[in-house]
Each structure stands twice: as structure tokens, then as C-alpha cells.
Amino acid sequence: MKYSLINTSVTTIDSQKIWMIRDAEGNRYLQSDRPIKALKSENNDNIYLLSPENAKWLRSQIPWLNPQPLGLKTSVGTGDRLGISTSGHIRAFQGTQISPVLAQQSVRELIRTHRTAQMVLDDAMWGVFEAGWNRPWGADADHLKTIDDMKEYYDAGFTFFTIDPGEYVKNLNSLDNVTLRSLLNNIDYDLLATSESELINNYTHFPSSLDFITASEQDIKRAFIKYGGAIHHVQKMYSQLKSWMGNNPFDFEVSVDETDEPTTIFEHYFIACELKRLGIEWTSLAPRFVGKFEKGVDYQGNLHEFESEYRKHAAIQKYFGNYKISIHSGSDKFSIYKICAVNSEYKTHLKTAGTSYLEALRIIATVDPELFRKIYDLSMNRYEIDKASYYVSARPENLPKISSLPDDRLPDLLNQFDSRQVLHVCFGAVLDQYGKEILLDLNRNYDLYMDDLEKHLRKHLQDFIYSKPAEES
Ligand SMILES: [Zn+2]
């Protein structure tokens, strides 16, 4: 077997050299200059598999292979459903001040890809080793809904926990007047350890830098009913995590982005005040913004309205000073990045995810049209089922008939709104059926895939690269 050395991976542990190699099929292995007993080997050439045991040992020897909390640093989450994309992602971060969150997967994605939190972390770690990335990186346990969900990620060594209390957010607009009145008259103030008078008192006056916020007594009570249960749930998750973590620091995100209604300016202030009052130390908050944040396509909505609302969100963020604004479903939202970065003074976290998968399909469309046609057909068939848990609006009737497209036009489907969304949400079914073939193609065309990922992610990072405003003269 012929192997090629991956130059960026060469590392020294106690005067012993260790590196990564690739075979002709693109499969990666570890190799060392002298035998390392602690590593499990399949043959005699000091060659080792990228196994969970070997990952664990390597992490214990090389500190920078472990994820770390990133605090208020500008950060971007990459998310990688295939487990081989990290070193391409890292290339995009080189030379920027942005910290990568290289392992990032929600429970929903784990289920659909049949992966565990540990596998996600290990895959990201191999990419870190491969690229020789010795700067901090994060690992995000995304959209956690229960303590059980959280435990799996905690055990695997994640450092960033995104709590999604969406199920506890009450959609008041869907209620009739009688129900709403009854809720308003029976508020359980104990839920957040407060009282009616304390609550009203806390929100009657606002700091002078936030004089644009107004709230009537009715607004205050409505905010309590809408978010009280959610904040209580966040508090429960936080206390549990804190007791596991002890003195170890971690990133803690509160995300209310997957709710029916945008988070109003007052609601943002209310949530931050309550989190603070309850002693929760959070590093990022993901509001649900105005406009549409659909998967895999640019922001849809009025940009002036978005900017004027975002500035107010950012003013609240600045007033509290302890957290980043997190932008979810952040892939391909090119038209809003600059607005977010500048107004938040680069204290932002951007979550991108599924578009590395779309870039992988772009490679397949180019190098293996036959497989791509099968993937496309399967996605078309699955779309009605799989779209249920995603925010998308693609209409299959808008899609071109693939049978009438010549091979060289197939990559264009990755640029079209409807086909992007259809392909985006059906990854689970596609990976079940064609995962092995997809990985085989990508490994054989690894450099092409890495180049493409770097280019694609770099477009997302561009506006988050800090540049000092020009001095006024
Ligand atoms: Zn989200």
C-alpha cells in the first residue's frame, strides 16, 4: 500500500514524532517514527487506525486536541454531518481572529446520522490533528432539550452547551381571550422566585442607554407567561451542568430561535434580566429575529427593518456586557453578517451547519453524476416527510426534472433555492442509503472537497473578520 504524508499533521510528543498519512483511497491513518505502545496498531509499520481509543490517548498527550470554552471571542460553528470536513473548515479560519466551533451537532442530527456525541467530537479532533490547528476550538452540544441529552455530550467532553427551551415558550398569539385572561390572573411567580410587585417594579424603569424600551404592566406579565417556563427550564439545565462541571469553565447558550414569533426588544431585555437575576452565567443568547432564516438560503426580509431591530438587540447586549449574540440557521445569510458583526462589536457567534453537506453533494454532482441523480431522486421522495422539523419553504414543483439535465448541469442544482432546501433537509435518508458511496467519492477527491469547503466557509467568515474602523481625520 502506498501512503502519502499529510504535512500539516506532523507533531512531536516527548521527542517522538507522530503524523497522519493517507492511502490511495483517501483513508487516513496515524503513523509514528518509533512504535508507540499505548496506541493500538493493526500492522507493523507503526501505523494506527483513527479509532476512539487512539483518539482518547492522543487527547491525553496533546492539550490542543481538546476543545475549550471560547467566552466572548468572535466564533463560528461549522457542524459536519459527514465527519471528514474539519480540516477544510480549519483552512478557512487560518489567519483570522475568529475561533472555530468545530464539533457542533444537535440531538436531531445525531439521530439522523446515527452518530454519538463522542463520534462527533473524535471526528472533529482528527481534523484538528490533521490540520495542525493548535489554537483554541469549541465543541457545541446544540439544541439540548433535556438533561439526558446534555449528559451524553458532557460525558464526551463538550465545552459549549446550547439549551433550547422552545417547548416551554408559550405562544400567546394562538390563545383566545378567555384563556389569556385566566393565565394573566393566575401567574405562578414562584416559578422564577419573584412576586408580582417585584416583577412590575423591575421593569418600570429602563437604563438610560435603553430608553427605546417600553413595557406596560400587561407587556411585563405577558413576557412572564411566554418565557417564564422556558427560563425556569434553562435554570434547571444550568444547575445540573454546573454541578457536573464543578470549577471547570464552559460556554452556555440560551436559544429561543426556534419559536413561532420573533423575540421582541422588550422580551430580549426581560430574558437577560431574569437570567442574570437567577445567577445564570451565560455566554451567548440566540433570539428569534425578524424575517425568515430558512435553511441553506440567504436571509429573507426587509434589511432596514432587520438592522434597526438588530441595533436595539445589540444595545441590550452591550448594556449587560456578558454575552454574545448567537445567529442560528446562519448558513448563507450573507446579507446580514456585516450588520450583526459591526453592531455587536464582533461579540457574535454564528452557527452554520448543513451547507458543508451541500458542498459535499456539489463534489458528488461533479465527480459522480450517477450517484448524484440517485441522491436527488431519494431527496425528492423524502422531502414531504423530512421537511417537518425544519424551517424551509421549497416547492418540489419548482424543481427542474433531473432526467432532462445533462451531467455538466447537475452542480447548478446546488445553486437553486428549492433544490438546495430539498437536498439540505433529507441528509438522514440519503446518508442511510448512500453514505458509504458518498464518503468513498469524497475521500478519493479529498483535495477538491477541502478546497471547496475552504472557499465556501471563507465567504461566511469574511464579514466577521475584525477590521478597525478607519480613524477620522
Ligand atoms: Zn437553532
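Undergrad: Can you help me understand the overall build of the chain in this one?
TA: Of the regular secondary structure elements, the chain holds 16 helices and 12 strands. Relative to the 2.2 N^0.38 estimate, which gives 23 Å for 473 residues, the radius of gyration of the chain is 24 Å and therefore close to what a compact globule would have. Seen along its three principal axes, the alpha-carbon backbone of the chain occupies a region of about 75 × 60 × 55 Å. Across the 473 residues in the chain, those meeting the buried criterion constitute 43%. Once local pairs closer than 6 in sequence are excluded, the contacts in the chain between residues at least 24 apart make up 72%.

Undergrad: What exactly am I supposed to notice about the sheet that holds strand β12 (residues 348-351) here?
TA: Whether parallel or antiparallel, the strands of a sheet pair through hydrogen bonds between backbone atoms. An order of β5-β6-β7-β8-β9-β10-β11-β12 is seen for the eight strands of this closed barrel, with the pairing classed as parallel. Within the sheet, the average angular offset between the axes of one strand and its neighbour, ignoring direction, is 25 degrees. The pairing of strand β6 (residues 99-106) with strand β7 (residues 138-144) spans five bridges and is parallel. The partner of Q104 across the bridge, within β7, is D140.

Undergrad: So what exactly am I meant to see when it comes to the nonpolar core here?
TA: Soluble, globular proteins show a tendency: their nonpolar side chains are buried together. Of all hydrophobic cores here, the largest spans 110 residues; its most connected members are F158, F161 and L361. If we ignore the near neighbours within four places in the chain, the residues touching F158 are P67, A117, L121, A139, D140, A141 and Y153.

Undergrad: Is there a simple way to explain the sheet that holds strand β2 (residues 16-23) in this structure?
TA: Pairing is antiparallel in the open sheet, where four strands are placed in the order β1-β2-β3-β4. The sheet is open, and its two edges are formed by β1 (3-13) and β4 (47-48), each paired on a single side. When strand β3 (residues 28-32) meets β4, the two strands line up antiparallel, connected through two bridges. Residue pairing in the sheet places L30 in a bridge with Y48 of β4. The strands that helix α4 (residues 117-131) touches are β1, β2 and β3; relative to β1, the one it contacts most, it runs at about 90 degrees.

Undergrad: What's the story with the pairing of β2 in this structure? I'm lost.
TA: On any regular strand, side chains alternate: one points to one face of the sheet, the next to the other face. Note: β1 against β2, seven bridges, orientation antiparallel. Looking at β2, one finds that L5 is bridged to I21. Counting the residues between successive antiparallel strands, the hairpin from β1 to β2 contains two residues, one of them, D14, with a positive phi of roughly 45 degrees. Strand direction decides the pairing type here: β2 and β3, joined by five bridges, are antiparallel. Residue I18 lies in a different strand from β3, and its bridge partner there is S32. Counting the residues that bridge the hairpin from β2 to β3 gives four residues, and of these G26 lies at a positive phi of roughly 95 degrees.

Undergrad: Help me understand the domain arrangement of the chain in this model?
TA: Note on interface size: it is often stated as the accessible area lost on association of the parts. Partitioning the chain into structural domains gives domain 1 (3-61), domain 2 (75-354 + 460-464) and domain 3 (367-444). Taking only C-alpha atoms, the centre of domain 2 and the centre of domain 3 are 30 Å apart. In this assembly, 13 residues from domain 2 lie in contact with 15 residues from domain 3. Counted by class, the side of domain 2 that touches domain 3 contains four nonpolar, four polar and five charged residues.

Undergrad: Explain the environment of A103 to me, please; I cannot follow it from the model alone.
TA: If you trace the backbone, A103 turns up in strand β6. When the C-alpha atoms of A103 and E261 are compared, they prove to be 29 Å apart, with 158 residues separating the residues in sequence. Ignoring anything within four residues of it in the chain, the contact list for A103 reads P67, V120, L121, A124, A139 and D140.

Undergrad: What exactly am I supposed to notice about the packing of helix α13 (residues 369-386) against helix α15 (residues 427-444) here?
TA: When two helices pack together, you describe them by how their axes are tilted relative to each other and by the distance separating the axes. Between α13 and α15, the least distance of the axes is 10 Å, while the angle of their chain directions is 160 degrees. Taken as axis vectors, α13 and α15 run roughly antiparallel relative to one another. Regarding α13 and α15, the two cross each other, and that crossing is left-handed. Contacts between α13 and α15 involve L371, K374, I375, L378, S379, R382 and D386 from the first element and G428, A429, V430, Q433, Y434, E437 and D441 from the second. Of the residues that constitute the contact of α13 with α15, the class distribution is six nonpolar, three polar and five charged.

Undergrad: Even after reading the chapter, I still don't get the pairing of strand β8 (residues 160-163), so can you show me in this structure?
TA: Neither face of β8 is exposed, since F160 and T162 on one face and F161 and I163 on the opposite face are all buried. Note: β7 against β8, three bridges, orientation parallel. Bridge assignment links L144 to a residue of β8, and that residue is I163. In this region the chain leaves β7, passes through helix α5 (residues 147-156) and returns to the parallel neighbour β8; the handedness of that crossover is right-handed. Strand direction decides the pairing type here: β8 and strand β9 (residues 251-255), joined by four bridges, are parallel. Along β9, the bridge assignment pairs F160 with D251.

Reading the values: the criteria
- Residues numbered from 1 in each chain as written.
- Predicted model: local features only at pLDDT ≥ 70, side-chain atom pairs only at ≥ 80, totals over all residues.
- Helix = DSSP H or I, 4+ residues; strand = E, 2+ residues; numbered from the N terminus.
- Rg over C-alpha atoms; globule rule 2.2 N^0.38 Å.
- Buried ≥ 20, exposed ≤ 12 C-beta atoms within 10 Å, placed from the backbone.
- Contact = placed C-beta atoms within 7 Å.
- Pairing = 2+ DSSP bridges.
- Axes fitted to C-alpha atoms, helices over the stretch in contact; angles between N-to-C directions.
- Core = buried A, V, L, I, M, F, W, Y, C linked by C-beta atoms within 7 Å.
- Domains from an automatic or database assignment.
- Nonpolar A, V, L, I, M, F, W, Y, C, P; charged D, E, K, R; others polar.
- Parallel < 35°, antiparallel > 145°, perpendicular 65-115°, else oblique.
- Left-handed = near helix turned anticlockwise from the far one by under 90°.
- Right-handed = clockwise from strand over helix to strand, strands pointing away.

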